[in-house]
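In case you want the letters, here they are:
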Amino acid sequence: MRPAYCVVGGGISGLVAAYRLRMAAGPDADITLLDPADRLGGVLRTERVGGQPLDVGAEAFVVRRPEMPALLAELGLSRRQIATTGVRPLIYSGGRLHPMPPGTLQGIPAEASSLLGLVDDATVARILDERTRPLHWRRGADPTVAELVGDRFGAQVVTRSVDPLLAGVYAGSAATIGLRSAVPPLAAALDRGAPSLTDAVRAALPPPAGDSVFGALDGGYRVLLDELHRRSAAHWVQVGAERVDRAPRGWEVLDDEGTRWRADAVVLAVPAPRLPKLIEHIAPRTAAAARRIRVASAAVVALALPGGTPLPQQSGVLVAADPHDDRRSLLNAKAVTLSSRKWGRRGNVELVRLSFGRYGDTLARDTGDEDLLTWAARDLSTLFGVTVDPVDSHVQRWIDAMPQYGPGHADLVAELRAGLPPKVAVAGGYLDGIGVPACVASATRAADTLLKLGVAR
Ligand SMILES: Cc1cc2nc3c(=O)[nH]c(=O)nc-3n(C[C@H](O)[C@H](O)[C@H](O)COP(=O)(O)OP(=O)(O)OC[C@H]3O[C@@H](n4cnc5c(N)ncnc54)[C@H](O)[C@@H]3O)c2cc1C
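Note that the coordinates shown come from a computational prediction; the quantities given were computed from them, not determined experimentally. (Residues numbered from 1 in each chain as written. Predicted model: local features only at pLDDT ≥ 70, side-chain atom pairs only at ≥ 80, totals over all residues. Heavy atoms only, no water.)

1. Concerning the pattern of salt bridges
- A full pass over the atoms with the stated rule returns 27 salt bridges.
- A salt bridge links Lys342 to Glu59; the nearest nitrogen and oxygen atoms lie 2.7 Å apart. Of the two residues, Lys342 sits in helix α12 (residues 339-343) while Glu59 sits in the loop between β4 (52-55) and β5 (61-62), which places them 283 residues apart along the sequence.
- Looking at Lys342, the relative accessible area reads 13%, which means it is buried.
- Notably, a salt bridge pairs Asp264 with Arg262, separated by 3.6 Å at the nearest N-O pair.
- Relative accessible area serves as the criterion here: at 34%, Arg262 is assigned to the partly exposed category. (Salt bridge = Lys/Arg side-chain N within 4 Å of Asp/Glu carboxyl O. Helix = DSSP H or I, 4+ residues; strand = E, 2+ residues; numbered from the N terminus. Buried < 20%, exposed > 50% of the residue type's maximum accessible area, 1.4 Å probe, protein only.)

This is the structure in structure tokens:
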């Protein structure tokens, strides 16, 4: 009999898992991909805005990690990989724009001088003094980023330098994200016995990158998604999965139209909040662990402004939400990407993305499109004095899409995986890292786990 696999969820994690299974199991394997969305890709979604392809979910990937360049090479898509133009982002704090501090790890400085102008003199003195104060670090500890950085460098470093970056990556805050997930090399340097936070940051800082830190795809992520789907030759069924049941030989996935899909093995590549319903009767420990992963929502407003709109030569702005700063209320966005500046201009438009929503707020869920567009226009005016009407726009919501990597996340994920029955594997951005490269890695691991067990019945 031909081996049969079900992949539940057709985001990047599910598509990579389906592709890996096809490469290993060969053309005879049945691979069924269940996803109810109007198109595959999940949080990777390319829309045409102002006539140009623009990613309205994830827009980039870290190129220091090997997974994406390797996957693109494998698929013959390396020539589609593009780099940033070299322009830098800004930070908006205290009602002013500041250069992004150089030489930091997720905003945590190695030198006080890199934060001059962004934090006050007392904070600069505190950073300078940090190496003289004894550091009590317990090997393997996983405090929140705010606990460690606030204690050593002061609250302003957290709110003005670290938080804007973490809001960009997780829609989260230093007060809720664990150090080990946010900055693994820093935790490793502390475990190795760095005598101060300053020393640990210096030890963990990667050498300055000559090339762009971020890559993207010419034509958007759609190019990659289409190729993965084509090569996986997976049969996409546009339905949601309801539950996974044991079957006499392997598993059955019940979909929301009542059809049962038989499989020797199953990859579950749905977001964490969707996982418990599918497996709580066969994997209660896994379901309980998945329920403990908190999520945030975000909304992205993509605008095409007329060509020649006087935007600065910067890649964008990250916004500090300092609770003690009244002027923060001037802005609603948490980040602005000047896409045409960051990746190079295409067509006669200036493409801009504004992101709204942080962990714990309901902006992305509750704010109507018209209000989001009004906020976007107001924020561009506040930041850059730009008041032109867009020639095109698109509003995209990502509800519960951004997992929060709290303290102890790695242990939680180990518990989640340990509760899985044989031949059921998980993949997704809530496991080993939120970024697209980490999703590729988790999907590869899921497929490998199933393939190692074989499909003998
Ligand atoms: C706004 C935003 C910006 C981001 N920016 C970046 C970035 O620039 N760089 C980066 O590296 N990462 C970025 N990320 C993170 C990254 O995009 C995600 O972690 C990654 O795309 C998640 O992929 P996934 O396949 O694990 O999950 P998803 O993309 O969420 O896919 C899950 C799929 O499961 C489907 N599904 C749900 N329930 C069911 C069900 N019951 N049955 C069947 N299917 C189901 C959904 O329809 C969906 O297609 C960003 C995330 C967001 C939200």
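From this point, things continue past the structure.
2. Brief notes about the packing of aromatic side chains
- In the structure shown here, the tally under the stated rule is three aromatic pairs.
- Aromatic side chains Phe61 and Tyr221 sit 6.4 Å apart centroid to centroid with 55 degrees between the ring planes, which places their arrangement in the tilted category. Of the two residues, Phe61 is situated in strand β5 and Tyr221 in the loop between β11 (214-217) and α9 (222-232); the sequence distance between them amounts to 160 residues. Of the two residues, Phe61 and Tyr221, both sit in the buried class.
- Consider the rings of Phe356 and Trp375, whose centres lie 6.0 Å apart with planes at 45 degrees: the pair is tilted. (Phe/Tyr/Trp six-rings, centres within 6.5 Å; stacked < 30°, edge-to-face > 60°.)

3. Some remarks on the pairing of strand β17 (residues 295-306)
- Of all 12 residues that make up β17, 10 are buried, and the element is covered over most of its length.
- Bridge count for β17 against strand β21 (residues 392-403) is nine bridges, and the pairing is antiparallel. Counted as the bridge partner of Leu303 is Ser393 from β21.
- The sheet contact formed by β17 and strand β20 (residues 349-356) spans eight bridges and is antiparallel. Within the sheet, the bridge partner assigned to Ala302 lies in β20 and is Arg353. (Pairing = 2+ DSSP bridges.)

4. What to know about a nonpolar patch on the surface
- Residues Val62, Val213 and Phe214 make up a contiguous nonpolar surface patch of roughly 200 Å² in combined accessible area.
- Structurally, the position occupied by Val62 is in strand β5.
- For Val62, a relative accessible area of 31% puts it in the partly exposed group. (Patch = residues over 30% accessible without salt bridge, like charges linked within 9 Å, V, L, I, M, F, W, Y side chains within 5 Å. Areas by Shrake-Rupley, 256 points an atom, 1.4 Å probe, with all protein chains shown as cover.)

5. Describing the domain arrangement of the protein chain
- By the assigned domains, the protein chain splits into domain 1 (4-36 + 238-293 + 405-453), domain 2 (43-99 + 207-220 + 295-403) and domain 3 (104-204).
- Summarising the inter-unit geometry, the C-alpha centres of domain 1 and domain 2 are found 30 Å apart.
- Contact residues are listed per partner, giving 15 residues for domain 1 and 14 residues for domain 2.
- With both sides pooled, the region where domain 1 packs onto domain 2 buries about 1,300 Å², and carbon together with sulfur makes up 73% of that total.
- Of all residues in domain 1, Tyr19, Val436 and Pro437 bury the most surface against domain 2, accounting for 37% of the area lost on that side.
- One salt bridge in this structure joins Glu74 and Arg20, with 2.8 Å as the shortest N-O distance.
- Across the contact surface, domain 1 and domain 2 share two residue pairs in polar contact (both at pLDDT 80 or more).
- Among the secondary structure elements, those contributing two or more residues to the side of domain 1 that touches domain 2 are α1 (12-25) and α16 (436-453).
- Top contributing element to the side of domain 1 that touches domain 2 by residue count: α16, with five residues.
- Taken together, the residues of the side of domain 1 that touches domain 2 sort by class into 13 nonpolar, one polar and one charged. (Domains from an automatic or database assignment. Contact = heavy atoms within 4.5 Å. Buried area = accessible area lost by both parts, 1.4 Å probe. Polar contact = N/O pair within 3.5 Å; in protein donor to acceptor, adjacent residues only side chain to side chain. Nonpolar A, V, L, I, M, F, W, Y, C, P; charged D, E, K, R; others polar.)

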